Each structure stands twice: as C-alpha cells, then as structure tokens.
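One-letter residues, chain by chain:
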Amino acid sequence: MRFISPKTDFAFKKIFGSDQSKDILISFLNAMIYSGNSVIQDLEIIDPYSAGDVVDLKDTYLDVKAVLEDRTTVIIEMQLWNVEAFKKRVVYNLCKTYGNQLQLGQGYFDLNPVIALTITDFKLFHSSDKVISCFYFQEEEDHLPYQENELKLVFVELPKFTKQLEDLESVIDKWIYFIKEAPNLEIIPDNFREIPQLEKALTIANQAGLSVSEVEKLRKQEMVLEDARGALSFAKRQGREEGERNLLLRQLESRFGKLTINALALIEALTNEDLNSLSEAIWDFQTSEDLLNWLQEHSN
C-alpha cells in the first residue's frame, strides 16, 4: 500500500472534509481538542470536498470547517511553513469566523463559540515542548476564563511529536502519527485498526483508491508545494549569503576604510567559495593594496 500525505490540502480535505468523513472528523477533533474524550457526538461539515473540486492550488487558509451539535464552529488548518505574520493570520481567521456569524438584524446573543485548530509542520512555540497547546481569554492573575471560552486557539506542532509506531498508546498519539507519518506506512498497522475511524482514514488515504483525476490533482499540488519549498529554501540561502557578504564588507571597511568602486565590484563577483577564502585571508592583509591584489587574483 501507498498512502497519500494528509499534509497536502487535497489529501487533508479528502480525508477529513468529504461527505463520508463525518465519523473520521469527529474522532480526530475529540482527540485534538478534547483530549480523546467523546465530547463531540455529531457535526456538519461545511462545504464538503467532492471529487470534482478544483484543488490544484490552495485558495483558502481554512482546510476544513465544521459546525458541532452545540453550534460551536471549528475551523481547521494544516500549515506547512511558518510564514510572516502567521500567528496574526490565525487570530484573524478565528475572529472573522466569529463575527461573520451574525446576519442583518441578529443580536450578539446569536453568536456561538469558535475554535481554531491549527496543525503546523514546524515548531511554533519554541519555549515549550508541548505537542498540543490551547489558548483562550482568561483573567491575568486568577486565570478566570472569559465568556466560557467563547474563542479558543488549539495548535498541534508535528515536529515536537517524536513517538515511534510501537510507542503509540492513546488515540491522540495515533491521530498525530497518522498526520505526520502516513506516507511512510506500508500497511495499516494493527494498533490503528483498534480505532475504526482511523482505519477508515487510512483506507481513504490509500492511493490505490484514488481516481485518475484525483491522482492528477494530487500530483499537481505536490509539484506546487515542491516549487514553493524550493523557492523558500533558495530565498533563505540567498538571504544568508547576502548577510555573510555584508558582514565581510563591514569588516573590510573597518580595517581599510571606505572601499573603492573597483574593490566593491570585485567582491560582488566572488563565488561563495571565494568569499569564505576572503574571510580567512582578510587578517593577512596589511594594506588596502593587499586586498585589491587578492581580489584581482581571484576575480573571474
């Protein structure tokens, strides 16, 4: 068997947001939000995924949205990269969903609680080792909750989860492992079969069960994600190299004063390997002429 990764927008919506996914989503949300307790008995998936949906590119930050039987709205997002202002965006989506409940003429009494469940493929809160973190309004000293937890933020940080398959104990462990490691499984593990909804999720995630059009959509999205990952890696590398070049320029100007246009041009043309060599050779130079001779010798 080969299982698709729930981390992609396409797979996440197909597994947790399709018409046949209600029991899967109930089990998953009970595990992530309510510590594995069967608090949620029923829910409605809003705008469920269907095979005809266009999912080549992520057109929304909310992967799945559901309304629970007590009218609480849960918005669920799978986030692969820590982009600028990500934490602010999560709060914005939570507050927007809360405020958008009211129609013209409705009063505040009609507002229902909203929970934002965010799963990240990166560490978000570096000062804590907790895999699942929950935030809500409370009094600063007495920790008295405000308005019965009307707004709640729940984060699941996948890199902090380090248990192996044989170490999984709770339903929480197994769902997190599924999200993180599904593509690395070759069969449905026996300890996963103990949870019917989890076994069903893996059955949906089995690539052999996808239609030709779904496989094509999955491939396209994987290509888009790989391009984005490559662009992010390139940008980070470029930024690091630019930072190293600027640091070297400051060191040179500290020793020899303002550099000439010719010297600056020669430094700009240096390869990364030559920049490393220059950072070591700088301490052997006695004058700016020594620097210029070195640059001319190593110029292209």
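Preceding this paragraph is the structure being described.
Let me begin by describing the structure that accompanies this report.

1. Observations concerning the overall build of the chain
At step 1: A count of helices and strands for the chain gives 10 helices and 6 strands.
At step 2: Across the 300 residues that make up the chain, the buried fraction comes to 43%.
At step 3: Within the chain, contacts between residues separated by at least 24 positions form 63% of all contacts whose residues are at least 6 apart in sequence.
At step 4: Of the roughly 17,100 Å² of accessible surface on the chain, a fraction of 50% belongs to carbon and sulfur atoms.

2. Details of the sheet that holds strand β3 (residues 73–79)
At step 1: The strand order across the open sheet formed by 6 strands is β1-β2-β3-β4-β6-β5, and the pairing between neighbours is mixed. Each of the sheet's edge strands pairs with one partner strand only, and the pair in question is β1 (43–46) and β5 (132–136). When the angles between neighbouring strand axes are averaged without regard to direction, this sheet yields 20 degrees.
At step 2: On the sheet, helix α3 (residues 86–99) packs against β2 (64–68), β3, β4 (114–120) and β6 (151–157) and is oriented at approximately 155 degrees with respect to β3.

3. A look at the pairing of β3
At step 1: Within β3, 7 of the 7 residues are buried, which leaves it mostly tucked inside the rest of the structure.
At step 2: Sheet topology places β2 next to β3; 4 bridges connect them, and they run antiparallel. The partner of Val67 across the bridge, within β3, is Thr73.
At step 3: Connecting β2 to the next strand, β3, in antiparallel fashion are 4 residues, including Arg71 with a positive phi near 75 degrees.
At step 4: Note that β3 and β4 share 7 bridges and pair parallel. Of the residues in β4, the one forming a bridge with Ile75 is Ala116.
At step 5: Between the parallel elements β3 and β4, the chain passes through α3 in a crossover that is right-handed.

4. Topic: the nonpolar core
At step 1: Within the largest apolar cluster, 54 residues are counted, with the highest numbers of intra-cluster contacts made by Phe16, Leu25, Phe28, Leu29, Met32, Trp175 and Phe178.
At step 2: The element contributing the most residues to this core is helix α2 (residues 22–33), with 8 residues.
At step 3: Not counting chain neighbours up to four residues away, the residues in contact with Met32 comprise Leu117, Ile132, Val154, Val156, Ile172, Trp175 and Ile176.
At step 4: Counting residues in hydrophobic clusters, the runner-up holds 18 residues, among them Leu248, Phe256, Leu292 and Leu295.

Conventions used here
Residues numbered from 1 in each chain as written. Predicted model: local features only at pLDDT ≥ 70, side-chain atom pairs only at ≥ 80, totals over all residues. Heavy atoms only, no water. Helix = DSSP H or I, 4+ residues; strand = E, 2+ residues; numbered from the N terminus. Buried < 20%, exposed > 50% of the residue type's maximum accessible area, 1.4 Å probe, protein only. Contact = heavy atoms within 4.5 Å. Areas by Shrake-Rupley, 256 points an atom, 1.4 Å probe, with all protein chains shown as cover. Pairing = 2+ DSSP bridges. Axes fitted to C-alpha atoms, helices over the stretch in contact; angles between N-to-C directions. Right-handed = clockwise from strand over helix to strand, strands pointing away. Core = buried A, V, L, I, M, F, W, Y, C linked by side-chain atoms within 4.5 Å.

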